[in-house]
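Here is how the chains run, residue by residue.
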Amino acid sequence: MFWLQVSTLVLVNVLIASMLLVRAPRAQHAGAGDGALNVWQLIEEVEAERQREAESTGRHCLNAETLARLRI
C-alpha cells in the first residue's frame with residue numbers, strides 16, 4: 001500500500017512538472033486584413049447614419065428654394 005501511495009505521489013508531481021515546463025502552442029491572432037474597421041471608423045459610420053436618419057426627406061420638409069424650382 002505504501003508503494004502505491006508513493007508512486008501515485010511521484011506520478012502526480014511528474015504530471016504537474018510536465019504541464020508547467022512543456023507548454024502547448026497557443027493560438028495567435030492573425031492580422032486584421034483588408035476591409036477591417038477600427039473603433040473610430042465604426043463610430044463615424046454610426047454618427048453619419050444617425051444624421052441621415054435625422055434629416056427629413058419627405059415632401060413636407062422641402063424648403064422654399066426647392067419648392068420654387070418645382071413650381072416651374
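Residues numbered from 1 in each chain as written. Predicted model: local features only at pLDDT ≥ 70, side-chain atom pairs only at ≥ 80, totals over all residues. Heavy atoms only, no water.

Concerning the UniProt feature "transmembrane region" (unreviewed entry) in the chain
We apply this condition: UniProt positions are given in the numbering used here, feature names are shortened, and annotations may be inferred rather than shown by experiment. Starting at the N terminus, helices and strands are each numbered in turn, a helix being any DSSP run of H or I of at least four residues and a strand any DSSP run of E of at least two.
Under the present numbering, the feature "transmembrane region" (unreviewed entry) in UniProt falls on residues 6-22. Taken end to end, residues 6-22 comprises 94% helix and 0% strand; its first and last C-alpha atoms sit 24 Å apart.

Description of a nonpolar patch on the surface
Note the threshold: Like charges within 9 Å and nonpolar side chains (Val, Leu, Ile, Met, Phe, Trp, Tyr) within 5 Å are joined into patches, using only residues over 30% in relative accessible area that form no salt bridge. Method for areas: the Shrake-Rupley scheme with a 1.4 Å probe, in which residue coverage is limited to the protein chains shown. Within this document, salt bridges are pairs made up of a side-chain nitrogen of Lys or Arg and a carboxyl oxygen of Asp or Glu, the two lying within 4 Å of each other. Exposure categories follow from relative accessible area, calculated using a 1.4 Å probe and restricted to protein chains: below 20% of the type maximum is buried, above 50% is exposed, and the middle band is partly exposed.
On the surface, V12, I16, L20, L21 and V22 cluster together into a nonpolar patch covering about 520 Å² of accessible area. Judged by its relative accessible area of 43%, I16 is partly exposed.

Describing the packing of aromatic side chains
The relative placement of two aromatic rings is captured by the distance of their centres and the angle of their planes. Going by this rule: Classification of ring pairs rests on two measures: the distance between centres of Phe, Tyr or Trp rings, Trp counted by its six-membered ring, which must be within 6.5 Å, and the angle between planes, read as stacked under 30 degrees, edge-to-face over 60 and tilted in between.
Evaluation of the coordinates by the stated rule reveals one aromatic pair. With a centroid separation of 5.2 Å and 70° between ring planes, the pair formed by F2 and W3 is classed as edge-to-face. Its relative accessible area of 53% is what places F2 among the exposed residues. W3 sits in the exposed class, given a relative accessible area of 65%.

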